[in-house]
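Descriptive analysis of the structure
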Amino acid sequence: MKTVIGTDIQQAISLLKQGGTVAIPTETVYGLAADSTNEDAVLSIFEAKGRPTSNPLILHFPSIEAIDPYVSDFPEELKRLATFFCPGPLTFILPKSSLVPSIITAGQETVAVRVPEHPMTLELLQQLDFPLAAPSANRYGGISPTTALHVEMQLSKRIPYILDGGACQTGLESTIIGLAEKKVIVYRLGGISLEQLEAELGYVPEVKNELHHGVRTSGMVKYHYATETPLFFMNPKRDAYTDKDGFILFSKKEHQNTKKAAIFLSEGGELSEAAKNLYAALHEMDQKGYARIFIEAFPNDRLGKTMNDRLKRATAKFS
Ligand code: TXA
Ligand code: MG
C-alpha cells in the first residue's frame, strides 16, 4: 500500500467513509483514525499498529454534545471539566451506550472519549456522522508521532493517507480521567496538568496510573514510548559519558557552554515548549546512531510531571 501525505480533508473523509485508516493531526499527537462503528475498519487500526486488541481505543468527537449518544451517563462533575477544557487534551472514561462496539472498549463497559483541538480534525469530525476511533499513530510501544513525518517513519505502506496538520501544539497525549466515588481520578498524566485540574476542582485528583491499580491504559504499561537506542535519565555523578553518547537537555540557558552533542528542548526552560519538542527530539536522536541517549529529568510539576512519567516508561526497558 502506498502512503500519501497531504492536506486534503475531502480525501481523508472519503477514505474514512469507505472504512479506511487515516492518520490525523491533533493538538496532542497524531492519531490513527477509522470509523469507530465499522468493526473491520477498527481492526485495521490494530493491525497497522501491531497493537493487541485487548487495549481499548479513544473515540474522538467534534463537540461535547456529540458525545452524549455514545455514553449512558456523563456525570455533572466531569461535564463541567469538559466545558472548561474541551476542545483540548483531556479524555473522559464514561459508561458506554449500546452504540459503542465492544472492539472499541476491549469488552469493558466504559468508553474513553475526547474532543481534540485541531482545526483540520474538527472540520473532518464535523463532516462525518460517526466518531473516529484513534490511538496514537505509532507502532505499538514506540514513540508517539508529533509530525506527519514521524507517522510516515513508523506506518509507511501500512496506511493509505496521512493528513498533514503541522507539528502538534501540546506534544503530549491527553490526560485521561474518570470518576470514582464522586472524585476525579487521573488514569494517565498528559497535556492537562494536575495543577490545571486542581484549579477547577478545588482538590488535587488522585493519580492511579500504575498497572497494580487494576485499571487498564497503555500509558501504564511499564515499557512504552521507547526509542530503539538505549535511553537513560542523565545522572552526571553516576554516568561515564563517551563521545558516542547523545544528549537531550531541557534548557539551553542552563547549558551555555556545553560541548555535548545535544538537542535543547527549550530556550529558557519553559515546560510547555519542552513538551512540544520532546517526542521530536527522541525521534531525531534515535536516528543519529548514538550508542546511548541521555535525557535530563524535568522539574516534577505541571507538564514536567507528565514528561518524567513518559520517560520513566521509555527508559525502563534499558535499566
Ligand atoms: O492524546 C491522545 O489521547 C491521543 C490522540 C490521538 O487522541 N490518543 C492516544 O491513544 O493516546 P492511545 O490509544 O495511544 O492511548 C489511549 C489510552 C490507552 O492507554 C487505552 O488503554 C486507554 O486510553 N483507554 C481507552 N479506553 C479506555 C477505557 N475504556 N478504560 C480505560 N482506559 C482506556
Ligand atoms: Mg499510544
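Let me begin by describing the structure that accompanies this report. (Residues numbered from 1 in each chain as written. Chains lettered and ligands numbered in written order. Predicted model: local features only at pLDDT ≥ 70, side-chain atom pairs only at ≥ 80, totals over all residues. Heavy atoms only, no water.)

Here we look at helix α9 (residues 302-316)
- With 15 residues, α9 should reach 21 Å at 1.5 Å per residue; the first-to-last C-alpha distance of 22 Å fits that figure.
- For α9, the tally of buried residues reaches 12 of 15 residues, placing the bulk of the element in the interior. (Helix = DSSP H or I, 4+ residues; strand = E, 2+ residues; numbered from the N terminus. Expected span 1.5 Å × (residues − 1). Buried < 20%, exposed > 50% of the residue type's maximum accessible area, 1.4 Å probe, protein only.)

Concerning the nonpolar core
- The biggest cluster of nonpolar side chains holds 48 residues, and the ones touching the most others in it are Phe74, Leu81, Phe92, Ile104, Val113, Ile177 and Leu197.
- Setting aside chain neighbours within four positions, we find Ile104 in contact with Ser36, Val42, Pro56, Leu57, Leu59, Val111 and Ala133.
- Among the nonpolar cores identified, the runner-up in size contains 25 residues, and Ile248, Leu265, Phe298 and Leu311 belong to it. (Core = buried A, V, L, I, M, F, W, Y, C linked by side-chain atoms within 4.5 Å. Contact = heavy atoms within 4.5 Å.)

Quick look at the packing of aromatic side chains
- By the definition in use, this model includes 9 aromatic pairs.
- Aromatic pair Phe250 and Phe298: ring centres 5.3 Å apart, planes at 70 degrees, arrangement edge-to-face. Placement of the pair is Phe250 in strand β13 (residues 245-251) and Phe298 in the loop between β15 (292-295) and α9, with a sequence separation of 48 residues. For the pair Phe250 and Phe298, a shared accessibility class is recorded, and that class is buried.
- Grouping aromatic residues by their ring pairs yields a cluster made of Phe232, Tyr241, Phe247, Phe294 and Phe318.
- Sitting over the ring of Tyr203, Lys183 keeps its end group 4.1 Å from the ring centre.
- Against the face of Phe247 rests Lys260, its NZ or CZ located 5.3 Å from the ring centre. (Phe/Tyr/Trp six-rings, centres within 6.5 Å; stacked < 30°, edge-to-face > 60°. Lys NZ or Arg CZ within 6 Å of the ring centre and 35° of its normal.)

A short note on the sheet that holds strand β8 (residues 161-163)
- Reading across from one edge, β1-β8-β2-β3-β7-β4-β6-β5-β9-β10-β11 is the order of the 11 strands in this open sheet, with mixed pairing throughout. Two strands lie at the open edges of the sheet, namely β1 (4-6) and β11 (206-207), each paired on one side alone.
- Here strand β5 (residues 90-95) pairs with strand β6 (residues 110-114) via 4 bridges, running antiparallel. Bridge pairing in β6 links Phe92 to Val113.
- The sheet strands contacting helix α1 (residues 9-17) are β2 (22-24), β3 (31-35), β7 (132-133) and β8, and the helix crosses β8 at an angle near 135 degrees.
- Seen against the sheet, helix α3 (residues 76-85) touches β5, β9 (175-180) and β10 (183-188) and runs at an angle of roughly 155 degrees to β5. (Pairing = 2+ DSSP bridges. Axes fitted to C-alpha atoms, helices over the stretch in contact; angles between N-to-C directions.)

Brief notes about the packing of α3 against helix α7 (residues 194-201)
- At a closest axis distance of 11 Å, the pairing of α3 and α7 adopts a crossing angle of 120 degrees. Between α3 and α7 lies a crossing whose hand is right-handed. Together, Arg80, Leu81, Phe84 and Phe85 of α3 and Gln196, Leu197, Glu200 and Leu201 of α7 make up the contact between the two elements.
- Considered class by class, the residues forming the contact of α3 with α7 number 5 nonpolar, 1 polar and 2 charged. (Left-handed = near helix turned anticlockwise from the far one by under 90°. Nonpolar A, V, L, I, M, F, W, Y, C, P; charged D, E, K, R; others polar.)

Purely spatial values, then, with no claim about function.
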